[in-house]
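Examination of the molecular architecture
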Amino acid sequence: MAEQSAAAPKRHTTPRPIRVPDPLWQAYGRVCEQLGTDRTNDVLDHMRARVLEHGTDEDKADLEKADLELAERRSRKGGRPKQDPAAGA
C-alpha cells in the first residue's frame, strides 16, 4: 500500500484491529443484525455517545470533525474506485 503524505487528505478510514473472543464476535454480529445495524456502526455509535457524555470540548470538536469526515465519505457516489486488474499481477 502506498503511503499518503501528511498534506494529502486520507482516502479511507484507518482500520483499528481489536482482540475479541470469537463467540462474543459472533453473538455481537447476530445482535447487531437483529437491531438492524452492523458492528461498525454500533461501535461508532457507542464511541460517539461516550465522547458526548465524558469528553472535553476538544474531544467533542474532534467528534464533530469525525462526523463530517464520515458524512463526506458516505456521500460519495460510486463508492470506492475499481482497482486495475493488472495492478494485482
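Going along each chain's sequence as written, the residues are numbered from 1 onward. Residue-level local features of this predicted model are given only where pLDDT is at least 70; pairs of side-chain atoms are given and counted only at 80 or more, and the full residue set underlies all totals for whole chains, interfaces and linings. With hydrogens and water excluded, all non-hydrogen atoms of the structure serve as input to the side-chain values.

Description of the confidence of the model for the protein
Along the chain, pLDDT gives the predictor's confidence residue by residue, from 0 to 100. Per-residue pLDDT for the protein averages 84, and the proportion of residues at 70 or more is 73%. Put simply, DSSP marks the helices as runs of H or I at least four residues long and the strands as runs of E at least two long, and each gets a number from the N terminus on. Element-level mean pLDDT values for the protein span from 91 in helix α3 (residues 57-75) up to 98 in helix α1 (residues 22-34).

A closer look at the packing of aromatic side chains
When two rings of Phe, Tyr or Trp (its six-membered ring) have centres within 6.5 Å they constitute a pair, described as stacked for plane angles under 30 degrees, edge-to-face for angles over 60, and tilted for the intermediate range. In total, this model carries one aromatic pair according to the counting rule given. Judged by centre distance (6.5 Å) and plane angle (50 degrees), the ring pair of W25 and Y28 falls under tilted. Of the two residues, W25 and Y28 are both situated in helix α1; the distance of three residues between them amounts to about one turn of the helix.

Points about the packing of α1 against helix α2 (residues 39-54)
Contact geometry for α1 and α2: axes closest at 9 Å, N-to-C directions at 90 degrees. By the criterion of interaxial angle, the relationship of α1 to α2 is roughly perpendicular. On the side of α1, the interface is formed by W25, Q26, Y28, G29 and C32, while α2 contributes R39, D42 and V43. Note on definitions: angles span 0 to 180 degrees between N-to-C directions of axes, and those axes are lines fitted to C-alpha atoms, for helices only across the stretch in contact. With respect to orientation, any angle under 35 degrees is reported as roughly parallel, any angle over 145 as roughly antiparallel, any angle of 65 to 115 as roughly perpendicular, and every other angle as oblique. Contact between two residues is taken to exist if any of their heavy atoms lie within 4.5 Å; hydrogens are not considered.

Section: α2
In this model α2 runs 22 Å from its N-terminal to its C-terminal C-alpha over 16 residues, within 8% of the 22 Å that 1.5 Å per residue would give. Measuring from the side-chain oxygen of the N-cap residue of α2 to the backbone nitrogen of T40 gives 3.2 Å; that N-cap residue is D38. Residue count minus one, scaled by 1.5 Å, sets the expected span of a helix. Two N or O atoms count as a polar contact when they lie within 3.5 Å, although within protein this holds only if one can serve as hydrogen donor and the other as acceptor, and sequence-adjacent residues are included solely when both atoms are side-chain atoms.

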